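So the chains spell out like this:
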Amino acid sequence: SSVSKGAAKEVSSSKKAFIPTPQVQKVKPGFKIRKEFKQPVHYLHFTNCTGAKVITEHDRYDLLQDDMEWLKKFNKNINGYLSEDDLELLMDFFEKQAWVVTKQVDPSGAYPLSQATADVVERLGPSRAKFAEHVYMHWKGQRM
């Protein structure tokens, strides 16, 4: 308790902190203000980069709750079974491949289903290709 009393004495006996304030000057009559300045519509500036450029092959797509709900419905209505791992793999593949192919943040028009399916067959094998169309449509819907 003697330590806490000493600490309290130091705080109370310390000097008040100086906080500088900016000085204000009146504008003199006749002062010309530059007229070329225009107030921006908003303060945020979008530069068309969402971080897709920094995605590496080690980064993996994590399934969302919406993905899990979609997977449950999908597996009830399909003849076969799509695992969580395969859904995650396909979603990750489409996300990365769309960036590699299009170099666009929104590849919806530039990365068609036919190319996506062909890419899956070529890179992930025909066993996963049977689900590629369904997962592609889900992936595309999630991005829009």
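Residues numbered from 1 in each chain as written. Predicted model: local features only at pLDDT ≥ 70, side-chain atom pairs only at ≥ 80, totals over all residues. Heavy atoms only, no water.

*Asks:* Would you take a moment to explain the overall build of the chain for this structure?
*Replies:* In terms of helices and strands, the chain carries five helices and zero strands. Ordering the α and β elements of the chain from the N terminus gives α-α-α-α-α. Looking at the chain as a whole, 24% of its 144 residues qualify as buried. For the chain, the exposed area adds up to about 12,000 Å²; of that, 56% sits on carbon and sulfur atoms. (Helix = DSSP H or I, 4+ residues; strand = E, 2+ residues; numbered from the N terminus. Buried < 20%, exposed > 50% of the residue type's maximum accessible area, 1.4 Å probe, protein only. Areas by Shrake-Rupley, 256 points an atom, 1.4 Å probe, with all protein chains shown as cover.)

*Asks:* What exactly am I supposed to notice about the pattern of salt bridges here?
*Replies:* Any two side chains of opposite charge can pair, so long as their charged atoms come close to each other. On inspection of all chains with the given rule, the structure shows two salt bridges. With a closest N to O distance of 3.0 Å, R128 and D86 form a salt bridge. Taken as a pair, R128 in helix α5 (residues 126–143) and D86 in helix α3 (residues 84–102) lie far apart in primary sequence, 42 residues in all. Judged by its relative accessible area of 25%, R128 falls in the partly exposed class. (Salt bridge = Lys/Arg side-chain N within 4 Å of Asp/Glu carboxyl O.)

*Asks:* Looking at this model, I keep getting lost on the nonpolar core. Mind explaining?
*Replies:* Among soluble globular proteins, nonpolar side chains are generally buried collectively. In terms of nonpolar packing, the biggest core is built from 21 residues, with F94, Y111, V120 and V135 touching the most fellow members. Among the elements of the structure, α2 (65–77), α3, α4 (113–124) and α5 are those that each provide at least two residues to this core. If sequence neighbours within four positions are ignored, F94 has contacts with Y111, A116, V120, A132, V135, Y136 and W139. (Core = buried A, V, L, I, M, F, W, Y, C linked by side-chain atoms within 4.5 Å. Contact = heavy atoms within 4.5 Å.)

*Asks:* Explanation requested: the side chain of H138 in the structure shown.
*Replies:* Looking at the secondary structure, you find H138 in helix α5. Sequence-distant contacts of H138, that is, excluding residues within four places in its chain, are made with D66, D67, W70 and M91.

*Asks:* Which parts of the structure should I look at to understand the packing of aromatic side chains?
*Replies:* Aromatic ring pairs: the centre-centre distance and the angle between the two ring planes describe each pair. Following the criterion strictly, the structure yields eight aromatic pairs and no others. On the basis of an interplanar angle of 75° and a centroid distance of 6.0 Å, the ring pair of F74 and F131 is categorised as edge-to-face. Here F131 lies in helix α5 and F74 lies in helix α2, a separation of 57 residues in the sequence. Between Y136 and W139 the ring centres are 5.6 Å apart and the planes differ by 45°, which places this aromatic pair in the tilted class. Here W139 and Y136 lie together in helix α5, a separation of three residues that amounts to about one turn. Judged by relative accessible area, which is 4%, W139 ranks as buried. (Phe/Tyr/Trp six-rings, centres within 6.5 Å; stacked < 30°, edge-to-face > 60°.)

*Asks:* Just to check I follow, could you spell out α5 for this structure?
*Replies:* Given 3.6 residues to a turn, an α-helix orients residues that are three or four positions apart in the same direction. For α5, with 18 residues, the first-to-last C-alpha span of 25 Å sits near the 26 Å given by 1.5 Å per residue. The principal kink in α5, of about 50°, is found at A132. Within the sequence span of α5, burial applies to A129, F131, A132, V135, Y136, H138 and W139. Its buried side turned inward, α5 meets α2, α3 and α4. (Expected span 1.5 Å × (residues − 1). Bend = angle between axes of the 7 residues up to and from the residue.)

*Asks:* Help me understand the confidence of the model for the chain, please; the structure alone is not making it clear to me.
*Replies:* Parts of the prediction with low pLDDT should not have their coordinates interpreted in detail. Per-residue pLDDT for the chain has a mean of 77; in total, 70% of the residues score no lower than 70. Of all the helices and strands in the chain, helix α1 (residues 2–13) carries the lowest mean pLDDT, 51, while α2 carries the highest, 92. (pLDDT = per-residue confidence, 0-100.)

*Asks:* Would you explain α4 in this entry?
*Replies:* Between its terminal C-alpha atoms α4 stretches 15 Å, which fits the 16 Å expected from 12 residues at 1.5 Å a residue. Along α4, the positions that sit buried rather than exposed are A116, D119, V120 and L124. When α4 is viewed along its axis, its buried side chains cluster within an angular range of 100° and face the same direction. Residues of α4 that are exposed and angled more than 90 degrees away from the buried face: S114 and E122. Phi turns positive, to about 100°, at G125, one or two residues after α4. (Arc of directions from axis to C-beta.)

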